[in-house]
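Each chain, letter by letter, is given below.
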Amino acid sequence: TMCAKWCLVALCLSFVAGVVAESRQNPTLVFNPSVDPLGEEDGYKQLTQLDVEEKWSVDDGKTLQDRSTALRDFSVATHVDVKLVGFSGDGNYKLALNTADFLRFLEASLTEDSHVYAQHPEPGVPHRLPIRHRYFFRVQKAKPSLAQEITKVVHSHVMGKKKSHVPVEEVDKIIQKDFEESGLSYVIYLLNPIAPAITRTVQVNATSSDDEAHEEEQRELFTYWYTPSADTRGSVKGDEEFKPCPTVLWSGKQDRYAWIDFTAGPITYGPHTSGNGLVSDFTIPNLENFKLEDADDDVAIHEDEFVAEVVSTVVKTCSALIQPTIHYFPRQYSNIVKIQVIELLSEGPKAAGPLSPHRYDESQLAQQITDLNLVGQTIEVSKVTLNLATCRLCNAAVVAATKSRTSTVFKGGLRTTLHDYLDSAVLHYRLKDMLTRKPDVAAELGLQEWVQTPEGVRVIPVFLFDLRGSNLLLLDRFHQALSFPDMVLAVQTNAGLMTVDYSCGDDVLSIDSRDASRPILAATLEAVWGVEAPYKSFNPATGAEDQDFTWSIGYCPWGPFSQSKAISFSQRDASLRNLLYSTIYQSSNELADVIDTFAKYEMGMGDVLLPGEYQHYIRRFNVFNYKLEKAAMYMSLLNFNTSLFYARSLRHDARALTAIFARGAQYVHSHMACSRDDESSILRDTVFLAAVCVLIWVVLKAVQDFFKRRGSKGKRH
């Protein structure tokens, strides 16, 4: 028994030693997001002296300029799987693609400029952010059954039901099932199902006396596309006012996947008369456009040209869905986000009569955005309904913002018409001034925390002007809702359907002026999280906005090509990623600015700090870099909550390093001194020698003249 006791004690001691050794080797036991998910505590202070000396005291020898450059170069890796469905000879035209060649095309198409851009950065923040994203692609072929299932669904609707449109949900649920079984990160499915077709026997007459009449088999293809159902596009069932825009692509709602069918289509949509971003018959490559004339089906495709176009589409998909442009930057992380909808009716609620089924409902907004919270964050949506007449300052703001514009139209003859609209800049200024200067009015609107916002709370008002008149009234002539960094403005009227300058195929599109639900959702995403529309991007060459409406279909609250009041995985990830980018940027950029201020003196920290202080400086910087790497790693793994812990805990080390730089600055003093050049100068030496030569020549000349004068005097005597 005594031996057993000693063995048990030895086992316990070895276990404790193992735990201690593991804690020394694993810093995550100290920087633990499960204990402190918001990074409120300074984990550096919890490190033991032994841990600090062994792990964090290595001096990498970097200069201040090197450290500043590294802080302004935050990089995140993004892993994307590209799945080829029906490209193993089992799809349309029996096309077989090599995954290695496809990957080579894909990597060659990536641009060197991988920086993240902001459309509307705060003053002092550049459009090109010090944040880079790197794509790591993996190309693989899907299992053969996936192409077979998709082909079966397409054929059953096109050939079986004699319809040209296939319900998008039928194919989407097949893709979703495959993603749930094998998807680990972002997955882009490239579909090539066998095109629906029938073979007809045609009698061919003789063209000459040598030929004979014979029969030939001709293949007749059926064109098809996909259309969303009423549930998917978010419109009211039984409502025939809106026709869904056909599509050949789709993205997941919760799951991180997107798919494109290169056999379907072609389709066209975009600006009707003028504008950028048109999706034409050739924007999304279709196999029919790459056929070789008079070629057999087995070799009927210009493969390299087709692959190049498909790769370009994949890269555009990544830019639109995976790493889009940021609308507002930076966006502040807050523990509590309160979105207060203030609906201002132009008439009393009782006099307004029964509401149209299209009227705005704040529950739809709450349903989409309340789950966009990071750990420790709460999102609240509430609504206050008031009569516009009872809020005199609100009414005055509307009157001041109402502008008029004339336009000449042709209706049986040239006519000049007058159109009213709301100037969003004026309306925003008036409302913001009202909330700031009139706390009692802010309290009446449910914005008590607008003037004195508690720490960790962010309030975003959404002003919805529900004007029951029949006249059309928009913001800045074209918009139902617009975002600002601190609020959202929206308007809806009883004007009914209004035609916009966008078309889908041959149909000119309309939007419902009675319902501002989708525009409010889009504007709220912009104002709170800085999410940009998937068809907008910042062009660094022109410094302006570019548009490409390819991915404005599906779960997209922006634009007229979709009626969906839901958001996709793209907006969900972008909202969380933008908050992390902002948190990391604020800590890194503030520290880099302090370093730049100190670095201009061309001195190192070792020159002004005592050895103990310098060692503390090195340790803090090593911890800061460790947290920065961890934040990037977990963001790449799409673990945004753990990444938030490391991003927020950076501020502790940034403050400590700022204090160290402040102490070091006490030993740096400026003084005035005469400017001198200790280095040799050829010009200076040349001038000096020339001056000496001239002086010698002058002295010799003077001596020579002196002796000449004495000689002439001696001769006269």
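Scroll up to find the structure this text is about.
Note that this is a predicted model, so its numbers are computed, not measured.

Asker: Help me out: how do you make sense of the environment of glycine 270 in this one?
Answerer: Following the sequence through the fold, glycine 270 ends up in strand S11 (residues 269-271). Taking relative accessible area as the criterion, glycine 270 reaches 0% and is therefore assigned buried. When the C-alpha positions of glycine 270 and aspartate 548 are compared, they lie 8.5 Å apart, and in sequence the two are 278 residues distant. If sequence neighbours within four positions are ignored, glycine 270 has contacts with Leu278, Tyr502, Ser503 and Phe561.

Asker: In this structure, what is going on with the nonpolar core? I would like to understand it.
Answerer: The biggest cluster of nonpolar side chains holds 159 residues, and the ones touching the most others in it are Phe102, Tyr189, Leu190, Trp259 and Tyr617. Broken down by element, this core gets its largest block of residues, 13 residues, from helix H14 (residues 569-599). When near neighbours in sequence (up to four residues on either side) are disregarded, tryptophan 259 contacts Val168, Val171, Asp172, Ile175, Tyr189, Leu191, Tyr226, Val248, Leu249, Trp250 and Trp551. Core analysis: the next-biggest nonpolar cluster, separate from the first, contains 32 residues, Ile342, Leu388, Cys394 and Phe484 among them.

Asker: Before we go on, may I ask you to explain unusual backbone geometry in this structure?
Answerer: Across the chain, the bulk of peptide bonds are trans and the bulk of non-glycine residues have phi less than zero. Look at the link from glycine 265 to proline 266: it is a cis peptide, with omega at 5 degrees. Note that proline 266 resides in the loop between strand S10 (257-261) and S11. The amide bond that connects phenylalanine 329 to the next residue, proline 330, takes the cis arrangement and shows omega of -5 degrees. Examined against the element boundaries, proline 330 turns out to sit in the loop between strand S12 (326-329) and strand S13 (336-345). One non-glycine residue, aspartate 476, adopts positive backbone phi at about 50 degrees. Take aspartate 476: it is sitting in the loop between strand S17 (457-466) and strand S18 (481-484). Non-glycine residue arginine 477 carries a positive phi angle of around 80 degrees. Inspection of the secondary structure assignment puts arginine 477 in the loop between S17 and S18.

Asker: Help me understand the packing of aromatic side chains, please; the structure alone is not making it clear to me.
Answerer: Aromatic ring pairs are defined here through the distance separating the ring centres and the angle between the ring planes. Under the criterion given, the structure shown has 29 aromatic pairs. Ring plane angle 85 degrees and centroid distance 6.1 Å describe the contact between phenylalanine 262 and phenylalanine 306, whose orientation is recorded as edge-to-face. Of this pair, phenylalanine 262 sits in the loop between S10 and S11 while phenylalanine 306 sits in helix H8 (residues 303-322), placing them 44 residues apart in sequence. Of the two residues, phenylalanine 262 and phenylalanine 306, both sit in the buried class. Each ring, one from tyrosine 626 and one from tyrosine 646, has its centre 6.4 Å from the other, and the planes form 80 degrees; the classification is edge-to-face. Here tyrosine 626, found in helix H16 (residues 611-636), pairs with tyrosine 646, found in helix H17 (residues 640-665); they are 20 residues apart in sequence, far enough to count as distant. Looking at tyrosine 646, the relative accessible area reads 1%, which means it is buried. These aromatic residues form a ring-pair network of at least three members: Phe31, Trp56, Tyr626, Tyr634, Phe645 and Tyr646. Across the ring face of phenylalanine 621, the terminal group of arginine 67 is positioned such that the distance to the ring centre comes to 4.7 Å.

Asker: Please clarify how H17 should be interpreted in this entry.
Answerer: Between its first and last C-alpha atoms H17 spans 37 Å; for 26 residues at 1.5 Å apiece the expected length is 38 Å, and the two agree. Most of H17 is tucked away, with 19 of its 26 residues classed as buried.

Asker: Looking at this structure, I do not really get the state of the cysteines. What am I missing?
Answerer: Note on terminology: a disulfide is the covalent bond linking the sulfur atoms of two cysteines. For the structure on display, the rule yields two disulfides. Linked covalently through their sulfurs, cysteine 245 and cysteine 504 form a disulfide whose S-S length is 1.8 Å. Measuring the twist about the S-S bond at about 85 degrees, one finds the cysteine 245-cysteine 504 disulfide to be right-handed. With cysteine 245 in the loop between helix H7 (230-233) and strand S9 (249-251) and cysteine 504 in strand S20 (residues 497-504), this pair connects stretches of sequence that are 259 residues apart. When sorted by exposure, cysteine 245 lands in the same class as cysteine 504, which is buried.

Asker: Explain the pairing of strand S21 (residues 507-512) to me, please; I cannot follow it from the model alone.
Answerer: Where S20 lies against S21, five bridges are found, and the strand directions are antiparallel. Paired with methionine 498 across the strands is isoleucine 511, a residue of S21. Here S20 folds back onto S21 in antiparallel fashion, the turn holding two residues, of which glycine 505 has a positive phi close to 70 degrees.

Asker: Would you explain the layout of surface pockets in this entry?
Answerer: In this approach the atoms are scanned with a rolling probe the size of a water molecule, which exposes any empty space left behind. As a volume, the second largest pocket reaches approximately 890 Å³. Looking at the second largest pocket, it is lined by 31 residues, and the ones nearest its centre are Thr111, Asp113, His133, Val315 and Ser319. Class assignment for the residues of the lining of the second largest pocket results in twelve nonpolar, twelve polar and seven charged.

Asker: How should I be thinking about the side chain of asparagine 622 in this particular structure?
Answerer: Mapped onto the secondary structure, asparagine 622 falls in helix H16. Exposure remark for asparagine 622: the relative accessible area of 15% places this residue in the buried category. If sequence neighbours within four positions are ignored, asparagine 622 has contacts with Trp56, Ser57 and Val58.

Asker: Is there a simple way to think about the sheet that holds S20 in this case?
Answerer: Within a beta sheet, neighbouring strands are joined by backbone hydrogen bonds and run either parallel or antiparallel to one another. Strand order across the open sheet formed by three strands is S11-S20-S21, with antiparallel pairing between neighbours. Each having just a single partner strand, S11 and S21 make up the two edges of the open sheet. With direction set aside, neighbouring strand axes in the sheet form an average angle of 55 degrees.

Asker: What's the story with the sheet that holds strand S3 (residues 128-141) in this structure? I'm lost.
Answerer: Sheet architecture is open: seven strands sit in the order S9-S10-S5-S1-S3-S2-S12, paired in mixed fashion. Edge strands, defined here as strands with exactly one partner in the open sheet, are S9 and S12. Strand-to-strand twist across the sheet, computed as the mean angle between neighbouring axes with direction ignored, equals 30 degrees. Across three bridges, strand S2 (residues 115-121) lies against S12 in parallel orientation. Along S12, the bridge assignment pairs alanine 118 with isoleucine 326. This element, helix H4 (residues 99-108), spans strand S1 (74-85), S3 and strand S5 (186-191) of the sheet and lies at about 165 degrees to S3.

Asker: Would you mind showing me how to read the pattern of salt bridges here?
Answerer: By the definition in use, this model includes 27 salt bridges. Across the pair aspartate 596 and arginine 72 runs a salt bridge, and its minimum N-O distance is 2.7 Å. Placement of aspartate 596 in helix H14 and of arginine 72 in the loop between helix H3 (64-71) and S1 is noted, with a sequence separation of 524 residues between them. Overall, aspartate 596 belongs to the partly exposed group, its relative accessible area being 28%. Looking at arginine 72, the relative accessible area reads 28%, which means it is partly exposed. In this structure, a network of salt bridges that share partners links the residues Asp42, Arg620, Lys627 and Asp653.

Asker: Looking at this structure, how should I read helix H11 (residues 424-437)?
Answerer: The α-helix winds at 3.6 residues per turn, so residues separated by three or four positions along the chain end up facing the same way. Over its 14 residues, H11 runs 20 Å from end to end, which matches the ideal 20 Å to within 8%, given 1.5 Å per residue. Of all the residues in H11, the buried ones are Ser424, Leu427, His428, Leu431, Met434 and Leu435. When H11 is viewed along its axis, its buried side chains cluster within an angular range of 135 degrees and face the same direction. Exposed residues lying more than 90 degrees from the buried face of H11 are Tyr429 and Arg437. N-capping of H11 is provided by aspartate 423, with a side-chain oxygen placed 3.1 Å from the backbone N of alanine 425.

Asker: Where do I start with the side chain of serine 68 in this structure?
Answerer: Tracing the backbone shows serine 68 in helix H3. Not counting the four nearest positions on each side in its chain, serine 68 is found in contact with Ala592, Ile595 and Asp596.

Cut-off values and rules
- Residues numbered from 1 in each chain as written.
- Predicted model: local features only at pLDDT ≥ 70, side-chain atom pairs only at ≥ 80, totals over all residues.
- Heavy atoms only, no water.
- Helix = DSSP H or I, 4+ residues; strand = E, 2+ residues; numbered from the N terminus.
- Buried < 20%, exposed > 50% of the residue type's maximum accessible area, 1.4 Å probe, protein only.
- Contact = heavy atoms within 4.5 Å.
- Core = buried A, V, L, I, M, F, W, Y, C linked by side-chain atoms within 4.5 Å.
- Phe/Tyr/Trp six-rings, centres within 6.5 Å; stacked < 30°, edge-to-face > 60°.
- Lys NZ or Arg CZ within 6 Å of the ring centre and 35° of its normal.
- Expected span 1.5 Å × (residues − 1).
- Disulfide = S-S within 2.5 Å.
- Pairing = 2+ DSSP bridges.
- 1 Å grid on protein atoms, 1.4 Å probe; cavity = no way out; pocket = protein on both sides within 12 Å on 5 of 7 lines; lining within 4 Å.
- Points joined across faces, edges and corners; volume = space filled by probe spheres on them.
- Nonpolar A, V, L, I, M, F, W, Y, C, P; charged D, E, K, R; others polar.
- Axes fitted to C-alpha atoms, helices over the stretch in contact; angles between N-to-C directions.
- Salt bridge = Lys/Arg side-chain N within 4 Å of Asp/Glu carboxyl O.
- Arc of directions from axis to C-beta.
- Polar contact = N/O pair within 3.5 Å; in protein donor to acceptor, adjacent residues only side chain to side chain.

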